[in-house]
Amino acid sequence: MVNKEPKPIDVANQEIRVLKKELLKIRSELVLLKSQIKPLREDLDKRRAEEEEKDKECVVVESKWWW
């Protein structure tokens, strides 16, 4: 009589291998997405810096509207 059912440790090891492959795939996709996002992020930072400069230029001399 030969037990043909896989041992629980073998099943767990197989699941671990599958999960590691999925993680590697997801990480590679993440690297690709980061490289695609980088120019957009730089543009956003540039726009925010420009907005900050515009806000600095706008100086409020009198803040009371009733005067």
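Right above here is the structure, for reference.
Cut-offs applied
- Residues numbered from 1 in each chain as written.
- Predicted model: local features only at pLDDT ≥ 70, side-chain atom pairs only at ≥ 80, totals over all residues.
- Heavy atoms only, no water.
- Helix = DSSP H or I, 4+ residues; strand = E, 2+ residues; numbered from the N terminus.
- Buried < 20%, exposed > 50% of the residue type's maximum accessible area, 1.4 Å probe, protein only.
- Patch = residues over 30% accessible without salt bridge, like charges linked within 9 Å, V, L, I, M, F, W, Y side chains within 5 Å.
- Areas by Shrake-Rupley, 256 points an atom, 1.4 Å probe, with all protein chains shown as cover.
- Salt bridge = Lys/Arg side-chain N within 4 Å of Asp/Glu carboxyl O.
- Lys, Arg positive; Asp, Glu negative; His and termini not counted.
- Charge placed at Lys NZ, Arg CZ, Asp CG, Glu CD.

Trainee: Looking at this model, I keep getting lost on the overall build of the protein. Mind explaining?
Mentor: The secondary structure content of the protein amounts to one helix and zero strands. With 67 residues in all, the protein has 0% of them scored as buried.

Trainee: Got a minute to help me understand a negative patch on the surface in this structure?
Mentor: Taken together, the side chains of Glu50, Glu51, Glu52, Glu53 and Asp55 present a region of like negative charge at the surface. Relative to the elements of secondary structure, glutamate 52 occurs in helix 1 (residues 8–57).

Trainee: What am I meant to see in the pattern of salt bridges here?
Mentor: Where charged atoms from two side chains of opposite charge approach closely, those side chains can pair. Using the criterion set out here, one finds one salt bridge in the structure. In this structure, aspartate 43 engages arginine 47 in a salt bridge whose closest nitrogen and oxygen atoms are separated by 3.3 Å. A residue pair is termed a helical-turn pair when its members lie 3 or 4 positions apart in one helix, as aspartate 43 and arginine 47 do in helix 1 at four residues. Residue class for aspartate 43 comes out partly exposed when judged on its relative accessible area of 33%. With relative accessibility at 52%, the residue arginine 47 sits in the exposed group.

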